Amino acid sequence: MKFLDIIYNGLVRENPTFVLMLGMCPTLGTTGSAMTGMSMGLTTMGVLICSNMSVSAIKSVVPAAVRIPVYIVLIATFVSVLQMLLAAYLPSLNATLGIFIPLIVVNCILLGRAEAFASRHGIIDSAADGIGIGLGFTVALTLIGSVRELLGTGRLFGAEIYPESYGSLLFILAPGAFIVLGLLMALFNRFKNR
């Protein structure tokens, strides 16, 4: 597979949010603003790239009977390192994302890509898959967060677009996440299927 084809696959054909509908907990929980959506997507992408490359590197020495626990330990290691780095260098982001950082360990996107792709391909292709799926996830979360923030507060990445009094609280609350996700998923699939 070509590097760019693998990335395109993660962005469009197998977009984890709009096509595969994976990782819905962070998708709905961290997209109250564009910045938190983008931050969650980027942190997940970093773990995904590292875990995919590691799984690909050790796939020939891991017995089939213990491959899933090994993959989970690898993912948990990268998440722990990420959380320590965030706590040390970006404490406000660490506080904002809160419990969703440790929950990356059980995000089905990571284990799914380790099992479905990284365990069957080389390190470079596995890195490309991590980049593609990670970018797809990041773009989806940023887009959902942008729409929710704009419609709910009149802001976009914190910059005021229109007065907050014109915003709708519904879009900042949990029901707004479901509404925006559904509408964006419909739009994505309409354009994808053309």
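One can find the structure itself at the top, above this paragraph.
First, a word on scope: everything that follows refers to the structure included in this document. Just so it is clear, the model here is predicted, and its values are computed rather than measured.

### Re the packing of helix H7 (residues 123-153) against helix H8 (residues 174-192)
1) Next: With their axes 10 Å apart at the nearest point, H7 and H8 run at an angle of 125 degrees to one another. Between H7 and H8, the crossing angle belongs to the class labelled oblique. Handedness of the H7/H8 crossing: right-handed. Across the interface between the two elements, Leu143, Ile144, Val147 and Arg148 of H7 pack against Ala174, Gly176, Ala177, Val180, Leu181 and Leu184 of H8.

### What to know about helix H1 (residues 3-13)
1) Next: Taken together, the buried positions of H1 are occupied by Ile6, Ile7, Asn9 and Gly10. Summarising the axial view, the buried residues of H1 lie within an arc of 150 degrees, below the 170-degree limit, and thus occupy one face.
2) Next: Next to the buried residues of H1 lie H7.

### Here's the deal with the packing of aromatic side chains
1) Next: One pass over the structure, following the stated rule, counts one aromatic pair.
2) Next: Considering the side-chain rings of phenylalanine 18 and phenylalanine 188, the 5.1 Å spacing of their centres and the 35 degrees angle between planes classify their relative orientation as tilted. Of this pair, phenylalanine 18 sits in the loop between H1 and helix H2 (24-29) while phenylalanine 188 sits in helix H8, and the two are 170 residues apart along the sequence. Neither residue differs from the other here; phenylalanine 18 and phenylalanine 188 are each classed as buried.

### A closer look at the state of the cysteines
When the sulfur atoms of two cysteines share a covalent bond, that bond is a disulfide.
1) Next: As enumerated under the stated definition, the model contains zero disulfides in all.
2) Next: Looking at cysteine 25, it has no disulfide partner, and the nearest cysteine sulfur is the one in cysteine 108, 10.0 Å off.
3) Next: Classification of cysteine 25 as partly exposed rests on a relative accessible area of 47%.

### Structural notes on the nonpolar core
1) Next: In this structure, Met40, Val47, Val79, Leu82, Ile101, Ile104 and Leu110 are the most contacted members of the largest nonpolar core, which totals 18 residues.
2) Next: Elements represented by at least two residues in this core include exactly helix H3 (34-58), helix H4 (67-89), helix H5 (91-97), helix H6 (108-116) and H7.
3) Next: It is H4 that provides the largest number of residues to this core, a total of four residues.
4) Next: Phe18, Leu28, Leu181 and Phe188 belong to the second largest nonpolar core, which has 12 residues in total.

What counts and how
Residues numbered from 1 in each chain as written. Predicted model: local features only at pLDDT ≥ 70, side-chain atom pairs only at ≥ 80, totals over all residues. Heavy atoms only, no water. Axes fitted to C-alpha atoms, helices over the stretch in contact; angles between N-to-C directions. Helix = DSSP H or I, 4+ residues; strand = E, 2+ residues; numbered from the N terminus. Parallel < 35°, antiparallel > 145°, perpendicular 65-115°, else oblique. Left-handed = near helix turned anticlockwise from the far one by under 90°. Contact = heavy atoms within 4.5 Å. Buried < 20%, exposed > 50% of the residue type's maximum accessible area, 1.4 Å probe, protein only. Arc of directions from axis to C-beta. Phe/Tyr/Trp six-rings, centres within 6.5 Å; stacked < 30°, edge-to-face > 60°. Disulfide = S-S within 2.5 Å. Core = buried A, V, L, I, M, F, W, Y, C linked by side-chain atoms within 4.5 Å.

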